[in-house]
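Letter by letter, the chains look like this.
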Amino acid sequence: TTKIVIAIDGFSSCGKSTMAKELARKIGYVYIDSGAMYRAVTLYCIDNDLFENDTVNESELQKVINTLQITFKINPESGKPETYLNGENVENEIRSMRVSDKVSQVSAIPFVREAMVAQQQALGKQKGVVMDGRDIGTTVFPDAELKIFVTASPETRAQRRLDELQKKGSNVSFEEVLDNVKKRDYIDQNREISPLRKADDALLLDNSKMTLAEQDAWLIAQYNRVI
Ligand code: C5P
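Residues numbered from 1 in each chain as written. Predicted model: local features only at pLDDT ≥ 70, side-chain atom pairs only at ≥ 80, totals over all residues. Heavy atoms only, no water.

A few points about the site of the ligand
Then, in step 1: Close to the ligand lie 16 residues, the nearest being Arg 39, Arg 113, Asp 135, Asp 188 and Arg 191.
Then, in step 2: Taking Ser 104, its side chain carries an N or O atom lying 3.0 Å from an oxygen atom of the ligand.
Then, in step 3: A distance of 2.8 Å separates a nitrogen atom of the ligand from a polar atom in the side chain of Asp 135.
Then, in step 4: When isolated, the ligand has an accessible area of 460 Å², and the protein chains bury 97% of it.
Then, in step 5: Those elements that place two or more of their residues in the shell around the ligand are helix 2 (34-47), helix 4 (97-107) and helix 8 (174-190).
Then, in step 6: Among the elements that take part in the shell around the ligand, helix 2 stands out by supplying 4 residues, more than any other. (Near = heavy atom within 4 Å. Polar contact = N/O pair within 3.5 Å; in protein donor to acceptor, adjacent residues only side chain to side chain. Areas by Shrake-Rupley, 256 points an atom, 1.4 Å probe, with all protein chains shown as cover. Helix = DSSP H or I, 4+ residues; strand = E, 2+ residues; numbered from the N terminus.)

Details of unusual backbone geometry
Trans is the common state for peptide bonds, and a negative phi is the common state for residues other than glycine.
Then, in step 1: Positive phi is not limited to glycine here, since Ser 13 has a value of about 60°.
Then, in step 2: Tracing the backbone through its elements, the reader meets Ser 13 in the loop between strand 1 (5-10) and helix 1 (16-27).
Then, in step 3: Despite not being glycine, Asp 54 has its phi angle at roughly 75°, a positive value.
Then, in step 4: Relative to the elements of secondary structure, Asp 54 occurs in the loop between strand 3 (51-52) and strand 4 (55-56).

So, the UniProt feature "domain: Cytidylate kinase" (unreviewed entry) in the protein chain
Then, in step 1: The UniProt record marks residues 6-214 with the feature "domain: Cytidylate kinase" (unreviewed entry), using the residue numbering of this structure.
Then, in step 2: From the first C-alpha to the last, residues 6-214 spans 19 Å; its make-up is 46% helix and 19% strand. (UniProt positions renumbered as here; feature names shortened; annotations may be inferred.)

Here's the deal with the packing of helix 4 against helix 8
Then, in step 1: Closest axis-to-axis distance for the helix 4/helix 8 pair is 8 Å, and the angle between their directions is 25°. Between helix 4 and helix 8, the angle falls in the class roughly parallel. As helix 4 packs across helix 8, the resulting crossing turns out to be left-handed. Where helix 4 abuts helix 8, its residues Met 97, Ser 100, Asp 101, Val 103 and Ser 104 lie against Glu 176, Asn 180, Arg 184, Ile 187 and Asp 188. (Axes fitted to C-alpha atoms, helices over the stretch in contact; angles between N-to-C directions. Parallel < 35°, antiparallel > 145°, perpendicular 65-115°, else oblique. Left-handed = near helix turned anticlockwise from the far one by under 90°. Contact = heavy atoms within 4.5 Å.)

Take a look at the structure:
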């Protein structure tokens, strides 16, 4: 069968990565988490003191952006991909609130997007990929054969993210997570370069009231329809 590109975009904490991972597993595609790449750049900025009074030192970041090595490796125990920054496993760190707090700011920087988009396009060149993010169907792969745009109410999304963080032992509050989700949505939708929006040819999926099983079934049906 011919391999295609599947783009899954949408708001923060919609469960995009859960559904993208499951679809990729079922159809034998590679899953790529583009958000993890922006998170890794953000972690780099935090750990290397590139934040000064809450703003990024852009000229310093620009010097190193093309030297940052962001890669994914499957953890043999969990079977799940984990993110590496310059050879170091940063999977847990990049999911923390301190990174979530700053990531939308870093991803609004044009040269950061340019560098990440180029890497994402290279990763998907052979097709057979499911990539999730904010601009995959609009900018990274405008010709993707299947595009999905996922949404759910902010409260539903905050609750899901809270459950995930609590499972990892974090003691953040619902309000804190809801606030972060809303703030990221706002920045992501209002930035100048490739803002978060549904591509005209993307299918809209509101999964507020869907079970994981229903969502997976819907997604595989869409895949079977285009293939
Ligand atoms: O998908 P995730 O929530 O991990 O993404 C974190 C942040 O990275 C988003 O809020 C957004 O600011 C940025 N992002 C982006 N473009 C993408 C993927 C993520 O700007 N393709």
